[in-house]
Structures are given as C-alpha cells and as structure tokens.
Amino acid sequence: MPKIRLSELRLPLILVAEIILCLAFGDLVPTSIKMAFYSISVFLKNTLVTALPFIIFSILFSSLGALKRGAFTFTALAFSLVIISNYVSTSLGGFLGIQFLDHVEIANYNSGTAQQLVPLWEAFFTPEALRNITEFWGLRALQSISNDMALFAGISCGLFLAFTNHSKTKAISLKMKSIAFSFLQKGFIPLIPLFILGYIFNMQHSGLLNSIFQDYFAIITLIVVSTFSYIIFLYGVASSFKIATWRRYLKNMLPAMITGFSTMSSASALPLLMEGAARNTGNEEVKGVVPISINIHLIGDCFSISILALTILVSFGHPLPTLEEYMLFTLFFVLAKFAVAAVPGGGILVMIPILEKYLGFTPEMLSLITALYILFDPIVTSANVLGNGAFAQLFEKIYHVLHKEKKVSSWAN
C-alpha cells in the first residue's frame, strides 16, 4: 500500500501556510505590498482566462482525435455514460447543497460593503490605455474566442479526426496538447501559490478571511459524507448489494484510492485502478474503459465544486440560481469536464469561466473556490479514483448486456 509523502502534498501545504500567515500577520503587511500581490493575482487570472480557449480546444481535439474508429461503439457508450454519471452527480450535489443551505445559517460576506484592494495598474493606466496594450499584443482577438466556442469546436474537430485518422492533423493535435500541458504544468501550476496569495490578501484586507474557513467546516463535512456515500452506493449497485462482494470491491480499490490521495493525480492511480477493476469484474477487457474515463469521469469534482459554488454564492450575498440557470450551468460544467487537465488543481481551473459566466462569480469568489478546491484536492482526487472504479464495474455490466443483446439480434436475423 503506497505511503503518503509530504513532498506530494506540497501545494495544499503551501496554501495552508499562506492562509495561516495572512491570518496571523496580515495586518502588519503594508497595503501597497498587498496591492502588488493582488495585482499579480489578477494578471495571472486574466492570463489563464485568455489561454483557456486554446487549452480547452487542444485537449479535446487531441483526446477525441486519438480514439480508434474500430472501437467507436465501445468509446461512444463510455462517453455517454460518463456524461450521464457526471450530470447526475452534479445535479445531486446541487440538490443536496440547496437543501443544506436552507437549514444552515451561512454568514454573508458581501464584498460590496468591504474595503477591497485595487490592482496597481488601475492607478497608472486608464481603461483606454489597457485596451490599446491588448490590441497591440493581439490579445483582444484571443479574448473574442469564447470558451463555449472552443468547447464545441474541440469536440467537433476531435470526432472528425477520429473518423478520418489523418496522420498530419493528428500530429498537430498532439503538438497543441503538448503546448497546452506545458503552459499548465510549467507555467501556471507552479505559480498557483502566488495566484492565490493575492486574493487571500484581498480577503484578509476586507475582513472576510477571519470567518470564512470557520463557517465552511459544515460544508466540507457535507461534501465528504455525501460524495463517498454516493460512491459506496454505486459499488453496492455493482455488487447487487451483496455485503461480502460489496466489501471485496471496495477493498480491491483501496490502493488506487490512496495513491490518488497522496499524489492528487488520478493518472498516477491508473495502473492500480485498472488492476482493481479487472479483479472486481473478472474481465480483462474492462481495463479499456479506465483510461478513457480517468480524467473525465470525476464524481468528486461534481459534488465538491457544485456544493462549494452554491455556498459561496450565498456567502457573498448572491441569490441561488433558478432551476433553469443551474441546469444550464450543469450542462456546460459536464461538457467542460472533457477538457480537464490531469494536473493538481486542473479540475477547478477550466471551470473558472463557467462559474464566472453562468453563476456570476466575482474574482474574490473565484479565488475562494480555487483555494478551497486545491486545499481539499487530495480528498477530491481520491473520490474521483474510487468513483472511476465503480464506473468501470457498472460499465462492464451495461456493455455486457448490450453486447449480448446485439449478438442475440444478429442470430435472430
């Protein structure tokens, strides 16, 4: 059984240290220094938002384009079930969040009444000057490409590539994916502590930081209990609720879950996950669905982000979304899951524009949900891994039934 190494948890530990230090010594830091860090955070956030359409398109284009045409039925079923599972998980998380928020008192952190930091460039550059700078560097053309456009274009081009299997186009898609991952892994991910620090300073300066994390303990408990209860229930369905089999299924997936917890990466748990799925089903073919679903079937993300998002809306004085608004958010949330990068914090990074556009998140709200997500990324990732084990077993049962029916139908004809 793998051991948890502190070096693999360095990102959450750094964020915990930042929060503790800001709580303890934030009042001693000059406002000008806080503004400088906040300016850097805003700049990094804008850079990420500008690059996200390219990242989303590249990952989808390459991932879908790599699908084998001969295994289209297998892959199409896997993708369809992933969408259904993620949609159900996100909807259930939202339902539980709304029910919980109706019975729990959440402090209101209305940022409109608090003293906010201002990015330094607002003191030196007018909005017109900033527009001229972005036009000079060609950034306004990039900003005109919406994430929705990149999402649907990536899916369309990826499926087209999967059917045509054009070698040169496939090489281009792999190069684009490599560039996108390099930007995240070598450019943005190492700067996440700096990205979060400015927003933490802003919350500390406005007086929000002292009480936020105390008030969120009940919410975090809800996320952990509801997520793992739902996943354990799925294993019960897979085992036909036979206690001995149910327990054996979970035991076989424990090494993969612990690996996901210690590395904050579902991909790192892939070999153990494939082995556990094969042992639970007695079918080596089920291993084929695990790599397909590993980065897109994310039950932990669906529960945690949906519940946190609703809680933060209430905390900052925003009304809860209507059913239609939440269903629209859920739709794009689920589609965006196909563009999640397998890096620490990747699950929340691609959701920033979705939260901003469909739930009206402000920069402070985005910084809070990003910090909370990364802090609890080990737990979220372990839930994702455990959920993928259940998905593989349920997929095997459904695929076996459909494949059997197909054979019966062909014999009848």
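Residues numbered from 1 in each chain as written. Predicted model: local features only at pLDDT ≥ 70, side-chain atom pairs only at ≥ 80, totals over all residues. Heavy atoms only, no water.

**Remarks on the overall build of the chain**
Short version of the rule: Helix numbers and strand numbers start at the N terminus; a helix is a DSSP run of H or I with at least 4 residues, a strand a run of E with at least 2. Whether a residue is buried, partly exposed or exposed follows from its accessible area with a 1.4 Å probe, protein chains only, as a fraction of its type maximum: under 20%, in between, or over 50%, in that order. Computed with the Shrake-Rupley method and a 1.4 Å probe, the accessible areas treat only the protein chains shown as cover for residues.
Looking only at helices and strands, one finds 20 helices and zero strands in the chain. For the chain, the proportion of its 413 residues judged to be buried stands at 51%. Accessible surface, the chain as shown: approximately 19100 Å² in total, 67% of it carbon and sulfur.

**Here's the deal with the confidence of the model for the chain**
Test applied: For every residue, the predictor reports its confidence as pLDDT, a number between 0 and 100. By the convention used here, residues are in contact when the closest approach between their heavy atoms is within 4.5 Å.
Looking at the chain as a whole, the pLDDT averages 78, with 77% of positions reaching at least 70. Below pLDDT 50 for its whole length, residues 1-7 participates in ten contacts with residues either more than four positions away or in separate chains. Considering only residues more than four positions removed or in separate chains, one finds that residues 405-413, a stretch of pLDDT under 50, has zero contacts.

**Focus: a nonpolar patch on the surface**
Note the cut-off: Patches here: salt-bridge-free residues with over 30% relative accessible area, like charges joined within 9 Å, nonpolar side chains (Val, Leu, Ile, Met, Phe, Trp, Tyr) joined within 5 Å. For salt bridges, the criterion is a side-chain nitrogen of Lys or Arg within 4 Å of an Asp or Glu carboxyl oxygen.
A cluster of nonpolar side chains, namely L21, F25 and L28, defines an oily patch on the protein surface of about 350 Å² accessible area. Mapping L28 onto the fold places it in the loop between α1 (10-25) and α2 (31-65). Judged by its relative accessible area of 69%, L28 is exposed.

**Regarding the nonpolar core**
Note the following rule: Residues grouped as a nonpolar core are buried Ala, Val, Leu, Ile, Met, Phe, Trp, Tyr and Cys residues, joined through side-chain atoms within 4.5 Å.
Membership of the largest hydrophobic core comes to 106 residues, with the highest contact counts inside it found for M351, L355, F361 and I369. What F361 contacts, discounting residues up to four positions off in sequence, is A309, I312, L313, L355, E356, L366 and I369. Within the second largest apolar cluster, five residues are counted, among which are F57, F61, A150 and L161.

**What about the packing of aromatic side chains?**
So the rule is basically this: Ring pairs shown here join Phe, Tyr and Trp side chains whose ring centres sit within 6.5 Å, with only the six-membered ring taken for Trp; geometry is labelled stacked below 30 degrees between planes, edge-to-face above 60, and tilted in between.
Tallied over the full model, the rule gives ten aromatic pairs. Ring plane angle 80 degrees and centroid distance 5.5 Å describe the contact between F241 and W246, whose orientation is recorded as edge-to-face. According to the relative accessible area criterion, F241 is partly exposed, its value standing at 41%. Residues F395 and Y399 carry aromatic rings whose centres are separated by 5.7 Å and whose planes lie at 10 degrees to one another, so their mutual orientation is stacked. Of this pair, F395 and Y399 are both found in helix α20 (residues 377-412), four residues apart, which corresponds to roughly one turn of the helix. The class of F395 is buried, set by a relative accessible area of 2%.

**Quick word on the environment of T47**
Structurally, T47 can be placed in helix α2. Residues T47 and F188 lie 141 residues apart in sequence; the distance between their C-alpha atoms is 9.2 Å.

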